[in-house]
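# An overview of the molecular structure
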Amino acid sequence: MKAALVLETGKILMGESYGAIGEAFGEVVFNTGMTGYQEVLTDPSYSGQMVCMTYPLIGNYGINRMDDQSEKAQVQGFIVKEAARNPSHWQMEKNLSRTLAQAGVVGIKGIDTRALTRIIREHGVLRGVITTETEHLSELIPKVKAWLGPADVVAKVSTSEIYTLPATQTVKSSQHVVVLDFGIKKNILHAMQESGFRLTVVPHTTTATQILDLQPDGVFLSNGPGDPKSVEVGIETIRGLMGERPVFGICLGHQLLSLALGGDTYKMKFGHRGGNQPVQDLNTKRVTITSQNHGYAIAEESLDQTPLYVTHRNLNDQSVEGVKHRDLPVFSVQYHPEAGPGPSESLYLFDEFAQLMQEWRAQHAT
């Protein structure tokens, strides 16, 4: 079956249907990962977006239930050049095409994804629609231009109920961390459990008072989708946590932390999405290859009026990748330390968080 991708610029790319039949609108972004398509499909940070995979062949090792990052597919649409016809892996349970169809995700294959990526790099992130109804495509252009994503996309992906997870690694003193869920990935939770943290995961609307009533040793601010400035309740909560407990944020949580302390954020032209972003620790000068998924970043000049300073920098575009508070045990990074493209060279950040919580506990022991 034919399918088409229609962009707000008026550009139309023809291909074949891949996944569910129908029509889907979204923000078209690209991911440069050679693997990890299942994690991309189920990452809540991609809610509201249609993902173009730049690597040519996608789906060659199939799908398994262990690598899902949430309970369902999160992307609005999926765009590939070539779909593997005969995937093979000892853990495979089904193929990608069937997974997309069952999840209701409209996809397209057989288009030049590298050319599409160049368009996005030139124009910036674009709105688009994937459709299997290809008779009157020009009529979709004004609809694409008028399309607006959900106003509160975090509310769609955050947990609605509090739940707990035990530490899976034995340590001398297990630490209790409250996770403020803006759309967290399962791998992040697993990494923290492996670090010896007992977790209480709470909805994004949870207040600072409610979090402190849980008596945590520290608070973790998760990843998530959308414009950080729209998550006003989260910003207010973070502001109320300052000085009360050690705080560690990643991705959206990193951006929200800066907003809570008087900084600013901006929408990037095409963002960072993939597992090949070089980041330098400005203190040690060490460079790590990181996995990232974000379309917004901290405006560095805005930090001059805050108690935060820059600790990490992206070596491709010099954007801010990490900040720390000058006086409090509070820090954040833009990338995903649990994703491990290095493969595990960023896990030390969880150890740093554990050290801050241990020092806080010692200082406030009664």
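Thresholds, definitions, all that
Residues numbered from 1 in each chain as written. Predicted model: local features only at pLDDT ≥ 70, side-chain atom pairs only at ≥ 80, totals over all residues. Heavy atoms only, no water. Helix = DSSP H or I, 4+ residues; strand = E, 2+ residues; numbered from the N terminus. Rg over C-alpha atoms; globule rule 2.2 N^0.38 Å. Buried < 20%, exposed > 50% of the residue type's maximum accessible area, 1.4 Å probe, protein only. Contact = heavy atoms within 4.5 Å. Core = buried A, V, L, I, M, F, W, Y, C linked by side-chain atoms within 4.5 Å. Pairing = 2+ DSSP bridges. Axes fitted to C-alpha atoms, helices over the stretch in contact; angles between N-to-C directions. Phe/Tyr/Trp six-rings, centres within 6.5 Å; stacked < 30°, edge-to-face > 60°.

With that settled, consider the overall build of the protein. Each helix and strand counted, the protein has 10 helices and 19 strands in total. In terms of overall size, the protein behaves like a compact globule, its C-alpha atoms giving a radius of gyration of 21 Å where 366 residues would be expected to give roughly 21 Å. C-alpha atoms of the protein, sized along the principal axes, occupy 70 × 45 × 40 Å. Within the protein, the fraction of its 366 residues that count as buried is 56%. For the protein, contacts bridging at least 24 residues in sequence account for 75% of all contacts bridging at least 6.

Our next topic: the nonpolar core. With 29 residues, the main nonpolar core has Phe 182, Leu 221 and Leu 256 as its most contacted residues. At the level of secondary structure, the elements contributing two or more residues to this core comprise strand 11 (175–180), helix 7 (208–213), strand 13 (218–221), helix 8 (232–241), helix 9 (252–260), strand 17 (308–314) and strand 18 (320–325). Among the elements that take part in this core, helix 9 stands out by supplying five residues, more than any other. With residues near it in sequence (within four places) discarded, Leu 221 still touches Leu 180, Phe 182, Ile 238, Val 247, Phe 248, Gly 249, Ile 250, Gly 253 and Leu 257. With 24 residues, the next largest nonpolar core counts Ala 191, Ile 250, Val 279 and Tyr 335 among its residues.

Read across the sheet, 10 strands follow the order 10-12-11-13-14-19-18-17-15-16 without closing on themselves; strand pairing throughout is mixed. The open sheet has two free edges, formed respectively by strand 10 (163–165) and strand 16 (287–298), since each of these has just one partner strand. Adjacent strand axes in the sheet meet at a mean angle of 25 degrees, parallel and antiparallel pairs treated alike. Two strands pair when backbone bridges link them, and strand 10 and strand 12 (residues 197–202) are joined in this way by three bridges, in the antiparallel orientation. Within strand 12, the residue paired with Tyr 163 across the bridge is Val 201. Seen against the sheet, helix 6 (residues 186–194) touches strand 10, strand 11, strand 12, strand 13 and strand 14 (247–250) and runs at an angle of roughly 150 degrees to strand 12. Against the sheet, helix 9 engages strand 13, strand 14, strand 15 (265–281), strand 16, strand 17, strand 18 and strand 19 (330–333), with an angle of about 60 degrees to strand 16.

Here we take up the packing of aromatic side chains. What the rule picks out here adds up to eight aromatic pairs. Between Phe 248 and Phe 353, the aromatic rings sit 5.5 Å apart at their centres with planes inclined by 55 degrees, giving tilted as the arrangement. Here Phe 248, found in strand 14, pairs with Phe 353, found in helix 10 (residues 348–363); they are 105 residues apart in sequence, far enough to count as distant. Like Phe 248, the residue Phe 353 is buried in the burial classification. When the centroid spacing of 6.5 Å and the interplanar angle of 65 degrees are considered together, the rings of Phe 331 and Phe 353 count as edge-to-face. Of this pair, Phe 331 sits in strand 19 while Phe 353 sits in helix 10, placing them 22 residues apart in sequence. Take Phe 331 and Phe 353: they sit in the same class, and that class is buried. Counting every residue linked through ring pairs, the aromatic cluster contains Phe 197, Phe 220, Phe 248, Phe 331, Phe 350 and Phe 353.

Alternating residues of strand 6 (residues 77–80) divide into Gly 77 and Ile 79 and Phe 78 and Val 80, and every residue in both groups is buried. As paired elements, strand 4 (residues 49–53) and strand 6 share three bridges and run parallel to each other. The residue of strand 6 that forms the bridge with Met 50 is Gly 77. Sheet analysis places strand 6 next to strand 8 (residues 106–109), joined by four bridges and oriented parallel. Considered in strand 8, the bridge of Val 80 is made with Lys 109.

So far we have only geometry, and geometry alone does not tell us how the molecule works.
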